[in-house]
Amino acid sequence: MFKVNNYVRAWAFFRKEVADLVRQPKLVVTLVIAPFLILALFGAGYRQTNSPLRTIFVSADEETFHTVIEPRLAELGDALESAGVTDSRESALGLLRSGQVDVVVVVPDDPEATIRNNEQAVFEVLHDQLDPYERATIGLITKAAIDAVNRSILEGLVAEGQVMSDDTLLSEARQTSTALRVAMEEGDQLAARNERNRLTDQLDAWASTEQGGSTGLAADDPGATPAALRDRAEQLDVSSQNSSDLEAVRALESDLIELDDAAAEFRSIEPMVIVSPFEVATDLVGSTELSVTDFYAPGVIALLLQHLAVTFAALSLVSERSLGTIEIFKVAPLRATQMLVGKYFGYAVVAVVVAFALSGLMFWGFGVPFLGSVADYAAVLALLVVASLGVGFVVSSVVSSDTQAVNASMIMLLLSIFFSGFFISIDRLVPEVQAVSWALPITHALDSLRDVLFRGSGIDLRTTLALGGGALALFIAAAVLTHRRLTAD
Amino acid sequence: MLDERKRVDDLEGLDGPAIAEMQNVSKVFASGDGVHGINLSIPSGSIFGFIGPSGSGKTTTVRLLTSVLEPTEGTVRVMGEDPAQFTDKTRSRIGYMPQLSVLYPNLSVWENLRFFASLYGIGRDRSSLDKVLDLVELDSHDRKRVSQISGGMRRRLSLAAALVHDPDLIFLDEPTGGIDPVLRRKLWDHFESLRSEGRTLFVTTQYVGEAAYCDYVGVLADGKLLLVDTPTGLRHAAFGGDVIHIDFSAHPAQDLVARVAVAVGASQHEFVSARRVKLVVEEASEALPLLGSFVSDEKIDVEAYEEFQPPFDDVFVELIEQHMAADTDDGVRTQSPGGP
């Protein structure tokens, strides 16, 4: 009999809550249609790339700007849009203040002189952005622009070096050293002397040239500089056939071959590769490519379900108090657990219907990828709803007005937006603050939902324990607190 | 107009063991309001009316008896139990209708009633719901949402919710508020039939005339219980006895009126109008024959004489005024010793 009454009372609350919610069509609209429209608007309106930064340059030397800087900005694609160049800093700042440009870049005066003075020439970047993310974007784009200019200049220098390294004197010296070695090995002293003299002349000439005197392709080997090679050639005893002299001529020949080969190799490599030898290639492992809408879709559903569950439950007991029904509950043979079980199931059923509708729109309407199993997906959402209801009922049993209940659920929503990983990864938070994140049901649910949907994983044990254990603990806390409310004055 | 006399006569002599008692019970809220030193005994199988001005403590008393509130001082026993320790069985024997209509506006009349019935374990028994809906004349409105029905209908539905589980002890906090006189009469008839089945009703009301329907009436003012008595006893208490009106043919002389008063043993006499005189006697049934003999013997020209039943509104006002006067006297007395 007692068990039947338990069922009858819990069922009464279940039926009452469902009927009460279903008969509020505006509520259903705000719960299902409005979030869907928000998601649709966000997905349609969000740009994956930033708007081009409208940039005006301030330079005293417009010709240098047009010849050196402007051509290199093309590398940035649409990230930066040049609004031209002016020699007046004030007029550029005027354009910035009036919103006609986003950024003013002041080109350093006489950068060549600054660099020759062993200092970096500084491009001054001026903007009026307050948004930290926009400021960071400006920093990144202008840094990329300066890197492009630097890289372009370096590429030019490398190309020039490659032209200069096309040195026939070095190739001739290499051939002469081979002829000298052959003459010495054959004991032809006359030929050897002639070849040595020719080699020293060639090395003299090479050393006196700009590229030979300064490049020093094997500069890390002091014996391989043009002057050192010339000295080594001059010191050879071409009349001797002893092994040390032969070894010396072979070493000289080897160094010249190595230098000539290195120069040829240097000329064969693209300047861009020399200046930027490393590039990054990223690839996503174990998932599928996601659009911004795809990525945020499970977060929106989880956030919405948590919010509606918390709000429903938070308002539930407060509403009973303001309506006066709690007074009847105090007199009736009603247990807090009977009331809570009925309300839990009532709200959960409504939340499941909302979740089903939103999920259908998400997958069939937006084509969000679904790699995992429906059972795992449903399990995560169900655990999230039950845990969130627990939060709401605990709130409801401690607050004393509708306003306090709504404020509490709004605070929960804000916490969830900032700390659940919905917008920013929780890895960006310090460990102490991450504790707040993991105290929120949505953090566990969102983590798991993304794995289920986008990686095809199942619901993991940690999520099950966290949400399931949390839901149980919150139910017990809500039951104790509600019992106190029912028995207090 | 209620046939007060008949009802009071019918109910006189009814008594029974107490189903609920309050001994020196006080409940003081943070504001200082509340009830103070209430001593009360509610006989089983009676209708106990509780009358008092707004804010006098009627609802607080009901809440103390129903376990909604716990007393600051004193002892409350209902059906032999402390309300704070009510068992489920005891709770299921209690019906409670709060002062305000406590209903869910988005649910229909039927759904609301079914919900409150379910709190008492009534699952699929449709007959008890039909019966009580019929009683409050809402059977033809059972599909309407509560948000669409009138305030009077809501009161009736609240009453139905309190009665739906067929309780033994019924607390009704202003059950007839906002209900038309015809239905009020019908409800009181039903309360009487419930009483005749052995149930006990504790009813608060601001319709003072409804006191006539009660077996016992408690009068409450400023959180204090002024007195508990039968309706007849209340009249006695208010006017010092029964009231007789004498209509003389012409304006009587003062000494004639005084002689009449002495002849019937009246404790008070006064002119109500030029020809009508009011006498207050201990028992009208004994005084009226004496009055008849006296006017006959003395050949006094009298058109009519009869017992006058003062409306309970007057009774109530008289009692409250007496209470306020006593309070004022108390104030004078407490101030006197310190005076010059």
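Remember, it's a predicted structure, so these values are computed and weren't measured experimentally.

## Comments concerning the layout of surface pockets
Residues and elements named next belong to chain A. As a volume, the largest pocket reaches approximately 900 Å³. Of all elements in the fold, only α3 (62–73), α5 (111–116) and α6 (132–164) reach the threshold of two or more residues within the lining of the largest pocket. Examining the composition of the lining of the largest pocket, we find that eight residues originate from one element, α6, more than from any other. The class makeup of the residues in the lining of the largest pocket is 16 nonpolar, five polar and six charged.

## Side note on the packing of α3 of chain A against α6 of chain A
All names here are of chain A. Taken N-terminus to C-terminus, the directions of α3 and α6 make an angle of 120°; their axes are 9 Å apart at the nearest point. Put simply, α3 runs oblique to α6. You can see that α3 and α6 cross each other, and the crossing is right-handed. Of the residues in α6, those touching α3 at Ile69, Arg72 and Leu73 are Ala145, Ala148, Val149, Ser152 and Ile153. Its residues assigned to classes, the contact of α3 with α6 shows six nonpolar, one polar and one charged.

## Some remarks on the domain arrangement of chain B
According to the domain assignment, chain B contains domain 1 (8–236) and domain 2 (241–308). Placing a centre on the C-alpha atoms of domain 1 of chain B and another on those of domain 2 of chain B gives a separation of 42 Å.

## Details of the packing of aromatic side chains
Enumeration according to the criterion identifies 25 aromatic pairs over all chains in this entry. Arranged with centres 5.0 Å apart and planes meeting at 85°, the rings of Phe13 of chain A and Phe115 of chain B form a pair that is edge-to-face. Taken together, the residues span two chains, with Phe13 of chain A in helix α1 (residues 2–22) and Phe115 of chain B in helix α4 (residues 109–119). Of the two residues, Phe13 of chain A and Phe115 of chain B, neither departs from the other in class, the shared state being buried. Residues Phe422 of chain A and Phe423 of chain A carry aromatic rings whose centres are separated by 4.8 Å and whose planes lie at 70° to one another, so their mutual orientation is edge-to-face.

## Side note on helix α19 (residues 441–455) of chain A
Residue and element names in this part refer to chain A. Helix length check: α19, at 15 residues, gives a terminal C-alpha distance of 21 Å against a target of 21 Å (1.5 Å per residue), a fit within 8%. Counting buried positions along α19 yields twelve of 15 residues, so the element is predominantly enclosed. Within α19, the full set of buried residues consists of Pro441, Ile442, Thr443, His444, Ala445, Leu446, Ser448, Leu449, Arg450, Val452, Leu453 and Phe454. Where α19 is buried, its residues touch α13 (292–323), α15 (336–365), α16 (374–398), α17 (402–419), α18 (431–439) and α20 (461–487). Where α19 terminates, the next one or two residues include Gly456, which has phi positive at roughly 75°.

Rules and cut-offs
Residues numbered from 1 in each chain as written. Chains lettered and ligands numbered in written order. Predicted model: local features only at pLDDT ≥ 70, side-chain atom pairs only at ≥ 80, totals over all residues. Heavy atoms only, no water. 1 Å grid on protein atoms, 1.4 Å probe; cavity = no way out; pocket = protein on both sides within 12 Å on 5 of 7 lines; lining within 4 Å. Points joined across faces, edges and corners; volume = space filled by probe spheres on them. Helix = DSSP H or I, 4+ residues; strand = E, 2+ residues; numbered from the N terminus. Nonpolar A, V, L, I, M, F, W, Y, C, P; charged D, E, K, R; others polar. Axes fitted to C-alpha atoms, helices over the stretch in contact; angles between N-to-C directions. Parallel < 35°, antiparallel > 145°, perpendicular 65-115°, else oblique. Left-handed = near helix turned anticlockwise from the far one by under 90°. Contact = heavy atoms within 4.5 Å. Domains from an automatic or database assignment. Phe/Tyr/Trp six-rings, centres within 6.5 Å; stacked < 30°, edge-to-face > 60°. Buried < 20%, exposed > 50% of the residue type's maximum accessible area, 1.4 Å probe, protein only. Expected span 1.5 Å × (residues − 1).

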